[in-house]
Amino acid sequence: SDITDSLRRAVPAGGATGDDFAAIASTLETIGLVRSYLLELPEELGSLIALGGALPQFADDVAAIQRVVASDGQIRDDASDRLQRIRRETDQTAQQVHDVIYSYLRRSEVRKLLQDATVTIHQDRFVLPVRAENRGRLPGVVHRVSGSGATVFVEPNACVELNNRLTDLRDDERLEIARLLNELAMRLARKVPTMLRALKLAAQVDLLSAKAQYSYKFNFIRPALADDGIIRLPQARHPLLIEQFYR
């Protein structure tokens, strides 16, 4: 795939995402495999071997990215000890919030105050839909009112501090992810020109491969060049017409 845009973003403050780095790692890893394949070709294919030798190696950079970013672009839990701790505490706190707010739904005196016996989320905070006429009867923070005015969304007092902690943890996670991605960007920034050149070389290999496969498919042969100025074209075929025939 074309990772040109991803590489241009992979500089400090360039805005590269986990998806960008995952795509970069995948492509650089593929270039490494192509390089190894070309270098193992028979000696008579010297031009291809030389092309393989011209492809740079990025194994260390690929490994550095894969320690932080999974193949699907998600940041790995074990990308850093701090991120692992933050995510573990986030899961624990989210479970506490879940347990507390759902305990309200099990209380008949609370259920009769609600528009629906459900929990909703407003700006990452768990809230309960309270009927407007019962406003104030469920102690907590009102986050918004429905468009009709019939429902107010209340965050019970018992959840406020837990939700505050959950918000802080999510902010901490975003900051840690930004730090990790910036470190990767700093590592790759000076190599971006080399990587862009590698992409051009890889495109040459891809074009040669496509030509070879096309020739093999239709039994084409390489013409022999003569010095006598005479052109002989026995059983010559136009490749595009042949392709249309086989369709």
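Residues numbered from 1 in each chain as written. Predicted model: local features only at pLDDT ≥ 70, side-chain atom pairs only at ≥ 80, totals over all residues. Heavy atoms only, no water.

Colleague: Pulling in residues and values, what's your account of the packing of helix α2 (residues 18–39) against helix α4 (residues 59–66)?
Modeller: Contact geometry of α2 with α4 gives a least axis separation of 9 Å together with a crossing angle of 145°. Read as a crossing pair, α2 and α4 show a hand that is left-handed. Counting all contacts with α2, which are made through Phe-21, Ile-24, Ala-25, Leu-28 and Glu-29, the residues of α4 involved are Val-62, Ile-65 and Gln-66. Taken together, the residues of the contact of α2 with α4 sort by class into six nonpolar, one polar and one charged. (Axes fitted to C-alpha atoms, helices over the stretch in contact; angles between N-to-C directions. Helix = DSSP H or I, 4+ residues; strand = E, 2+ residues; numbered from the N terminus. Left-handed = near helix turned anticlockwise from the far one by under 90°. Contact = heavy atoms within 4.5 Å. Nonpolar A, V, L, I, M, F, W, Y, C, P; charged D, E, K, R; others polar.)

Colleague: Hey, could you go over the pairing of strand β3 (residues 140–145) for me, with residue numbers and the actual values?
Modeller: As paired elements, β3 and strand β4 (residues 151–156) share five bridges and run antiparallel to each other. Within the sheet, the bridge partner assigned to Arg-144 lies in β4 and is Phe-153. What sits between β3 and β4 in their antiparallel hairpin is a turn of five residues, with Gly-149 showing a positive phi close to 80°. (Pairing = 2+ DSSP bridges.)

Colleague: Can you tell me about the pairing of strand β2 (residues 125–131), naming the residues and giving the values?
Modeller: Counted residue by residue, β2 has six buried out of seven residues, so it is predominantly covered. Bridge count for strand β1 (residues 120–122) against β2 is three bridges, and the pairing is antiparallel. Opposite Thr-120, over in β2, you have Val-127 as the bridge partner. Hairpin connection, β1 to β2: the antiparallel pair is bridged by two residues, and Gln-123 has positive phi, about 50°. (Buried < 20%, exposed > 50% of the residue type's maximum accessible area, 1.4 Å probe, protein only.)

Colleague: Would you mind going over the packing of aromatic side chains in detail, with residue names and values included?
Modeller: For the structure shown, the criterion picks out one aromatic pair. Across the ring face of Tyr-104, the terminal group of Arg-107 is positioned such that the distance to the ring centre comes to 4.8 Å. In this arrangement the basic side chain of Arg-144 is found over the ring face of Phe-153, its NZ or CZ atom lying 4.0 Å from the centre. (Phe/Tyr/Trp six-rings, centres within 6.5 Å; stacked < 30°, edge-to-face > 60°. Lys NZ or Arg CZ within 6 Å of the ring centre and 35° of its normal.)

Colleague: Residue-level account of the sheet that holds β1, with values.
Modeller: The pairing of strands in a sheet happens through backbone hydrogen bonds and is either parallel or antiparallel. Spatially, β1-β2-β4-β3 is the arrangement adopted by the four strands of the open sheet, whose pairing is antiparallel. Lying at the two open borders of the sheet, with one neighbouring strand each, are β1 and β3. If you compare each strand with its neighbour and ignore which way they point, the axes differ by 45° on average. Along the sheet face, helix α5 (residues 81–105) touches β2 and β4 and points at about 10° away from the line of β2. Along the sheet, helix α7 (residues 157–189) makes contact with β2, β3 and β4, crossing β4 at roughly 75°.

Colleague: Report on unusual backbone geometry, specifying residues and quantitative values.
Modeller: Backbone geometry follows two general trends: most residues other than glycine have a negative phi, and most peptide bonds adopt the trans configuration. Despite not being glycine, Ala-13 has its phi angle at roughly 65°, a positive value. Examined against the element boundaries, Ala-13 turns out to sit in the loop between α1 (4–9) and α2. The backbone of Asp-124 shows a phi angle near 65°, a positive value even though the residue is not glycine. For Asp-124, the location among the structural elements is in the loop between β1 and β2.

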